[in-house]
Amino acid sequence: MSDERSRRDELYAELEKLPPNVVGEIVGGELYASPRPASPHARAASRLGGELMGPFDRGRGGPGGWVILDEPELHLGEDVLVPDLAGWRRERMPEMPHTVGFTLAPDWACEVLSPSTARLDRARKMVVYAREGVRHFWLVDPLLQTLEVYRLENGRWSLLGTHAGGVTVHAEPFEALALELGALWGR
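Please read these numbers as outputs of a predicted model, since none were measured by experiment. (Residues numbered from 1 in each chain as written. Predicted model: local features only at pLDDT ≥ 70, side-chain atom pairs only at ≥ 80, totals over all residues. Heavy atoms only, no water.)

A. A look at the environment of arginine 92. The residue arginine 92 is located in the loop between strand 6 (85–89) and strand 7 (101–102) in this model. C-alpha of arginine 92 to C-alpha of valine 67: the two residues are 25 residues apart in sequence and 9.8 Å apart in space. Residues within four places of arginine 92 in sequence aside, it is in contact with Leu104, Ala105, Pro106 and Asp107. A polar atom in the side chain of arginine 92 sits 3.1 Å from the backbone oxygen of alanine 105. Here aspartate 107 takes part through its side chain, which lies 2.8 Å from a polar atom of the side chain of arginine 92. (Helix = DSSP H or I, 4+ residues; strand = E, 2+ residues; numbered from the N terminus. Contact = heavy atoms within 4.5 Å. Polar contact = N/O pair within 3.5 Å; in protein donor to acceptor, adjacent residues only side chain to side chain.)

So this is what it looks like as C-alpha cells:
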C-alpha cells in the first residue's frame, strides 16, 4: 500500500469518527470538518433539489435522464467530497450503486456557500471537480442571493453567468427548467 493511500485511509478513519453534527471531507490530503449548515444554506439547497428532482430525476414535467442526490459522498482519487447536490446523467449511471461513496464523478455538482465553507468550495473543491471532469458546476450563495453557473472547457472552469435576486434563469445543464431564484431565498 502506498504512503498516499495509507494517509488517505488514516484521514478517512478520522472522518468516520466525526460527530453527526459536522460534515467531513478530505481535500488535498487534509481533513475538513464543517458544521451542519445554517437555515439559509439548508433552505436554498433543499429548495433547489426540490425544483430539479421532478423534471430531471423523475421526468415529471421535464426531460428526465438524471439521478440527482443530496449530499452524496464522492470518493474521487484521494479526495472525499460532499457536495450539497450532485447529478449524474442516467446514461453514465443507469443503476445507482448501493454504496456509501460514489467513485464515478458526477456530471453536475452544486455547492451552497456558507461563510465557513466558501473558501474551500471555491478554491480547493472546484479544482478537484475540474480534475475529475465534472462538466457543470454551480455555486449558490443564499446570503448574497446569487447563482454562479460554470461549464468545464479544456480542463478549466468557464463562468457562463452570475444571476442574482429573484430572476428566472435557464441554467445549464438544466436549461429546460425556468428556475425562479427567488424560491431559493424565500422564507
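B. Focus on the pattern of salt bridges. Applying the stated criterion across every chain, the model contains 14 salt bridges. One salt bridge connects arginine 124 with glutamate 30, and the closest N-O pair in it is separated by 3.2 Å. Here arginine 124, found in helix 3 (residues 118–131), pairs with glutamate 30, found in strand 2 (residues 30–35); they are 94 residues apart in sequence, far enough to count as distant. Here arginine 36 and glutamate 71 are joined by a salt bridge, their closest N and O atoms 3.1 Å apart. One end of the pair, arginine 36, is in the loop between strand 2 and helix 2 (39–58); the other, glutamate 71, is in the loop between strand 3 (66–70) and strand 4 (73–76), and 35 residues separate them in sequence. (Salt bridge = Lys/Arg side-chain N within 4 Å of Asp/Glu carboxyl O.)

C. Main features of the nonpolar core. In terms of nonpolar packing, the biggest core is built from 24 residues, with Trp88, Tyr129, Phe137 and Trp157 touching the most fellow members. Listing elements by their share of this core, those giving two or more residues are strand 3, strand 4, strand 6, helix 3, strand 9 (136–141) and strand 10 (146–153). In this structure, tryptophan 157 is in contact with Met126, Tyr129, Ala130, Val134, Arg135, His136, Phe137, Tyr150, Arg151 and Leu152, ignoring residues within four places of it in sequence. Residues Ala45, Ala171, Leu179 and Trp185 belong to the second largest nonpolar core, which totals 23 residues. (Core = buried A, V, L, I, M, F, W, Y, C linked by side-chain atoms within 4.5 Å. Buried < 20%, exposed > 50% of the residue type's maximum accessible area, 1.4 Å probe, protein only.)

D. Structural context of the packing of aromatic side chains. Applying the stated rule across the entire model yields 10 aromatic pairs. Taken together, a centroid distance of 6.3 Å and an interplanar angle of 40 degrees make the contact between phenylalanine 137 and tyrosine 150 tilted. Of the two residues, phenylalanine 137 sits in strand 9 while tyrosine 150 sits in strand 10, which places them 13 residues apart along the sequence. As far as burial versus exposure is concerned, phenylalanine 137 and tyrosine 150 are alike and both buried. (Phe/Tyr/Trp six-rings, centres within 6.5 Å; stacked < 30°, edge-to-face > 60°.)

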